[in-house]
Amino acid sequence: MRSAAALALCLGLLATACASSGAAPGSPPTPDAPAPEPRPAPPVSPSAPAAGVALGGLPGWAQEDHAAALGAYAAGCRPVTDVCAEARALIAAGADGPRARDFLESRFVAVEAVTVDGGPGRLTAYFAPEYAGRRLPDAEFSAPVLPAPQGWRRGDVGPARADIESLPAPQALAWMRAEDLFFMQIQGSGYLTFEDGTRARAAYAADNGRTFVGIAGPMAERGLLPRDGTSGEAIRAWLAARRGPEAAGVMALNPRYIYFRLDADDGGHPAGAAGVPLTPRRSIAVDPAHWTYGEAVWIEADAGNLVGARSGYSGLVMALDTGSAIRGPVRADFYMGRGAAAGDEAGTVRHPLRMWRLVARP
């Protein structure tokens, strides 16, 4: 995705991913993070040495929902090794929590990932936004959702946002409010609900090859918003209140532009860069330079006294997505799900993070 997705950085990479009712999400991302771009899965790296801690020694392991953890592993494990196949068979047979825990503890050890300086990493979160769309433009829904340019190849550099938006859009796939489209481009994907109730997924298809530039900082510098008031929600409200040339001029400060394709909405969740549908609260976006898609990961992110944080997060998750803001060995973007509630929570996640790679025992 994400994947979108990936989204400089969000208050939470509301993903993004890094991509929930036809209305705009309740707590949109801060537009200071680039949209997630799907990447081909890297070659499977050699197995890490089976040295580390027993899973029972992981912080929060005893409180884990082990059946749900095994289900997440079975759904996302890649490649399909003997351990992966056995996990899937157990899930098909209806394994309960104790059986799932026994399986995981007997088949894996946990090897902690470390940062260069040995300090904590960072956890953010993203979600799949949902927006209203229209088949035909009107005064409110005036921003076209554009398909990939003909013959586009990854790495091509095309016109900047302002130039693209100045051209006619005879091939528009749909029409959106300009600020909604801008935020969907930050996420990299989203879902549209049309006036007749039909729904579609807007999936990342291409980009113009331009470098992402966040607009929160420039808006504060210009006095358009207070420096302590550049949340995604505040920015969206400002853009909506000035829809037209004034808002377009501010959005044009970010020259990057994302093109989409429309897919059927099956009511599920978007696929990440690994090509596997994301499971809410069980999937993360990672840096593919340090992780392989389909790996099982244990995360521990204590909220501590973080202002605005709702909770800490720990559990078994699957590395299934990536994003251009997700860099480093201890950096993850947590997929919260679809819709306004998921987006609202995702905006509160900016936690110190520890990560362990679950390595199959020989």
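Residues numbered from 1 in each chain as written. Predicted model: local features only at pLDDT ≥ 70, side-chain atom pairs only at ≥ 80, totals over all residues. Heavy atoms only, no water.

1. So, the sheet that holds strand β8 (residues 199-207)
Alright, step 1. In spatial order, the strands read β4-β7-β8-β9; together these four strands make up an open sheet with mixed pairing. Two strands in the sheet have a free side with no partner beyond their single neighbour: β4 (130-132) and β9 (258-264). Ignoring strand direction, the axes of neighbouring strands in this sheet form an average angle of 35°.
Alright, step 2. Of the pairings in the sheet, the one linking β8 to β9 comprises seven bridges and is antiparallel in character. Across the sheet, Ala 203 pairs through a bridge with Arg 261, a residue of β9. (Pairing = 2+ DSSP bridges. Helix = DSSP H or I, 4+ residues; strand = E, 2+ residues; numbered from the N terminus. Axes fitted to C-alpha atoms, helices over the stretch in contact; angles between N-to-C directions.)

2. Remarks on the side chain of Arg 282
Alright, step 1. Among the structural elements, Arg 282 can be located in the loop between β9 and β10 (283-285).
Alright, step 2. Setting aside chain neighbours within four positions, we find Arg 282 in contact with Glu 64, Asp 65, Ala 68, Ala 69, Ala 72, Gly 315, Leu 316, Val 317, Met 318 and Phe 334. (Contact = heavy atoms within 4.5 Å.)

3. Regarding the environment of Val 116
Alright, step 1. Structurally, Val 116 is set in the loop between β2 (108-112) and β3 (121-128).
Alright, step 2. Note on Val 116: relative accessible area 87%, which makes it exposed.
Alright, step 3. Linking Val 116 and Gly 328, residues 212 residues apart in sequence, is a C-alpha distance of 9.0 Å. (Buried < 20%, exposed > 50% of the residue type's maximum accessible area, 1.4 Å probe, protein only.)

4. Details of the packing of helix α2 (residues 82-92) against helix α3 (residues 97-107)
Alright, step 1. At a minimum axis distance of 11 Å, the contact between α2 and α3 shows a crossing angle of 175°. By the criterion of interaxial angle, the relationship of α2 to α3 is roughly antiparallel. Counted together, Val 83, Glu 86, Ala 87 and Leu 90 of α2 and Arg 99, Phe 103 and Arg 107 of α3 form the full contact between these two elements.
Alright, step 2. Looking at the contact of α2 with α3 residue by residue, the class counts come to four nonpolar, no polar and three charged. (Parallel < 35°, antiparallel > 145°, perpendicular 65-115°, else oblique. Nonpolar A, V, L, I, M, F, W, Y, C, P; charged D, E, K, R; others polar.)

5. Brief notes about the nonpolar core
When a protein is soluble and globular, its nonpolar side chains tend to lie buried together.
Alright, step 1. By size, the foremost hydrophobic cluster in this structure holds 38 residues, and its most contacted members are Leu 181, Met 184, Ile 235 and Leu 239.
Alright, step 2. Sort the elements by how many residues they give to this core and helix α5 (residues 178-187) lands first, with six residues.
Alright, step 3. When near neighbours in sequence (up to four residues on either side) are disregarded, Met 184 contacts Tyr 131, Met 176, Ser 189, Gly 190, Leu 192, Ala 202 and Phe 260. (Core = buried A, V, L, I, M, F, W, Y, C linked by side-chain atoms within 4.5 Å.)

6. Details of the confidence of the model for the chain
Alright, step 1. Predicted confidence across the chain gives a mean pLDDT of 85, with 84% of residues reaching 70 or more.
Alright, step 2. When the elements of the chain are averaged for pLDDT, helix α9 (residues 340-346) gives the smallest value, 86, and α3 the largest, 98.
Alright, step 3. Note on residues 1-30: pLDDT under 50 across the span, and 200 contacts to partners over four residues away in sequence or across chains.
Alright, step 4. A low-confidence stretch, residues 32-50 stays under pLDDT 50, and its non-local contacts, those more than four residues away or across chains, total 85 contacts. (pLDDT = per-residue confidence, 0-100.)

7. Re the packing of aromatic side chains
Alright, step 1. Tallied over the full model, the rule gives six aromatic pairs.
Alright, step 2. Seen in terms of ring centroids, Tyr 126 and Tyr 335 are 5.5 Å apart; in terms of plane orientation they differ by 55°. Their pairing is tilted. With Tyr 126 in strand β3 and Tyr 335 in strand β13 (residues 331-338), this residue pair connects regions lying 209 residues apart in the sequence. Of the two residues, Tyr 126 and Tyr 335, neither departs from the other in class, the shared state being buried. (Phe/Tyr/Trp six-rings, centres within 6.5 Å; stacked < 30°, edge-to-face > 60°.)

8. With respect to the packing of α5 against helix α7 (residues 232-241)
Alright, step 1. Put simply, α5 and α7 touch, their axes get as near as 9 Å, and they point 145° apart. Each of Glu 179, Asp 180, Phe 182 and Phe 183 in α5 lies in contact with α7, whose residues at this interface are Gly 232, Ile 235, Arg 236, Leu 239 and Ala 240.
Alright, step 2. Classifying every residue of the contact of α5 with α7 gives five nonpolar, one polar and three charged.

9. So, the pattern of salt bridges
Alright, step 1. Across all of its chains, the model carries 18 salt bridges by this definition.
Alright, step 2. With its nearest N and O atoms 2.5 Å apart, the salt bridge here joins Arg 107 to Glu 86. One end of the pair, Arg 107, is in helix α3; the other, Glu 86, is in helix α2, with 21 residues separating them in the sequence.
Alright, step 3. Judged by relative accessible area, Arg 107 falls into the partly exposed class, the value being 25%.
Alright, step 4. Between Glu 345 and Arg 281 there is a salt bridge; the shortest N-O distance is 2.9 Å. Separated by 64 residues along the polypeptide, Glu 345 in helix α9 and Arg 281 in the loop between β9 and β10 bring together distant segments of the chain.
Alright, step 5. By sharing partners, the salt bridges in this structure join Glu 130, Arg 199, Asp 265 and Arg 338 into a single network. (Salt bridge = Lys/Arg side-chain N within 4 Å of Asp/Glu carboxyl O.)

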